[in-house]
Amino acid sequence: MIQLTINGQPQQFEAPINVTQLIDHLSLHGKRFAIECNGEIIPRSRFSEQILAHGDQLEVVVAVGGG
Amino acid sequence: MNHLIIAGKTYSSRLLVGTGKYKDFNETRAAIEASGAEIITVAIRRTNIGQNADEPNLLDVLPPSQYTLLPNTAGCYTVEDAVRTLRLARELLDGHSLVKLEVLGDPKTLYPNMVETIKAAEILIKEDFQVMVYTSDDPIIAKQLEEMGCVAVMPLASLIGSGMGILNPWNLQIIIDNAKIPVLVDAGVGTASDATIAMELGCDGVLMNTAIAAARNPVLMASAMRKAVEAGREAYLAGRMAKKLYSASPSSPTDGVIASTQTAPKKP
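Quick look at the structure, then.

So, how was this worked out
Residues numbered from 1 in each chain as written. Chains lettered and ligands numbered in written order. Predicted model: local features only at pLDDT ≥ 70, side-chain atom pairs only at ≥ 80, totals over all residues. Heavy atoms only, no water. Helix = DSSP H or I, 4+ residues; strand = E, 2+ residues; numbered from the N terminus. Buried < 20%, exposed > 50% of the residue type's maximum accessible area, 1.4 Å probe, protein only. Contact = heavy atoms within 4.5 Å. Areas by Shrake-Rupley, 256 points an atom, 1.4 Å probe, with all protein chains shown as cover. Axes fitted to C-alpha atoms, helices over the stretch in contact; angles between N-to-C directions. Left-handed = near helix turned anticlockwise from the far one by under 90°. Nonpolar A, V, L, I, M, F, W, Y, C, P; charged D, E, K, R; others polar. Buried area = accessible area lost by both parts, 1.4 Å probe. Salt bridge = Lys/Arg side-chain N within 4 Å of Asp/Glu carboxyl O. Polar contact = N/O pair within 3.5 Å; in protein donor to acceptor, adjacent residues only side chain to side chain. Pairing = 2+ DSSP bridges. Lys, Arg positive; Asp, Glu negative; His and termini not counted.

## As for the overall build of chain B
On a plain count of helices and strands, chain B comes out with 9 helices and 10 strands. Dimensions of chain B along its principal axes, counting C-alpha atoms only, are 90 × 40 × 35 Å. Counting every position in chain B, which comprises 268 residues, the buried fraction comes to 49%. Sequence separation of 24 or more characterises 64% of the internal contacts of chain B that already satisfy a separation of 6 or more. In the structure as shown, chain B presents an accessible area of about 13,700 Å², 53% of it carried by carbon and sulfur atoms.

Below, the structure written as structure tokens:
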């Protein structure tokens, strides 16, 4: 069991997962977003190789209206 | 002559608009079309995890292929948050590096913290971002931001979202006179005449959001702002007449007025 904090909310997973699996889990496929792990950007090219570990802090962001 | 050039790219509109505070995406799109803006600001926020998976996305309505998106750091009060936000924005927008930096100092006034803004600008410029920077209307700070390598300085006309108009045209004038990079008024415009005054001062452009979004009819106000910015720019280029204090000058011929029983008083 590992715990990840995603946008401030803790979530449990049975086993370590990579970023592609996380994206699937969050139903973000085909959407425009960016993701950082512990303050570091994860480029799209590294989604399948980056394994997320217990305690990782993730931020998943999108563009919204703003001035 | 009549084009705005920012970081080497040419734009025909000098009006930049935000995308916040609209009723829905339809209104956002209609207002932005009416404004004629080519550069539009967006904010970067956490996505709703597990909620509204089919929610429409702003970028579907305003595609990056059609507009130059200017991600901002609205809501950031620290160097770290501002820099992280723009790194995420660059990843989100496929390496797009033109950004709007603002580091706020106070939630009540949303006044920029210029010490922190300068620190953030330094980091971002080193990382090859093209930084358009929201600043107080201090001419020395504005010059310093230019010398650091910011691609545009954007002094406030008055507080963000206040609609109070141009409170210190004299400072703006000094900033404009000293600048070799574009100067855009950002924040404080309330109505069309405010935008015109900014452009008449010699600003290179105006950035606004609330003045349009909070108007009773945002689409009509967007159209008014487009004309106001164009009018102000043309008046600036045309060069206004000199003011003649307390001295009128008739536009019609003074000779040949029909005979009158009364004679006009002689000039002293």
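Back to the write-up after that little detour.
## Regarding the packing of helix α3 (residues 79-92) of chain B against helix α4 (residues 114-126) of chain B
Residue and element names in this part refer to chain B. Look at α3 against α4: their axes get within 9 Å of each other, and the N-to-C directions meet at 35°. Every pair of crossing elements has a handedness; the one defined by α3 and α4 is right-handed. Side by side, α3 and α4 meet where Val79, Val83, Leu86 and Arg87 of the first sit next to Glu116, Lys119, Ala120, Ile123 and Leu124 of the second. In the contact of α3 with α4, the residues fall into 6 nonpolar, no polar and 3 charged.

## A look at the interface of chain A and chain B
On the side of chain B, 29 residues touch chain A, which itself brings 28 residues to the contact. Buried surface at the junction of chain A and chain B, both sides included, amounts to about 2,500 Å², of which 55% is carbon and sulfur. Interface area lost by chain A to chain B is led by A:Arg32, A:Ala63 and A:Gly67, which between them contribute 26%. Seen at the junction of chain A and chain B, the total is 5 salt bridges. Notably, a salt bridge pairs A:Glu36 with B:Arg84, separated by 2.1 Å at the nearest N-O pair. Between chain A and chain B we count 15 residue pairs in polar contact (both at pLDDT 80 or more) in total.

## Quick word on the sheet that holds strand β8 (residues 152-155) of chain B
Residue and element names in this part refer to chain B. An order of β6-β7-β8 is seen for the 3 strands of this open sheet, with the pairing classed as parallel. Two strands in the sheet have a free side with no partner beyond their single neighbour: β6 (98-101) and β8. Put simply, the sheet's adjacent strands are angled 20° from each other on average, direction ignored. Taken together, the 4 bridges between strand β7 (residues 130-135) and β8 define a ladder with parallel strand orientation. Bridge pairing in β8 links methionine 132 to alanine 152.

## Comments concerning the side chain of B:Asp194
Residues and elements named next belong to chain B. Within the secondary structure, aspartate 194 sits in helix α7 (residues 192-201). Lysine 21 provides the closest opposite charge to the buried, salt-bridge-free aspartate 194, at an N-O distance of 14 Å. Aspartate 194 has contacts with Gly165, Ile166, Gly188 and Val189, leaving out every residue within four places of it along the chain.

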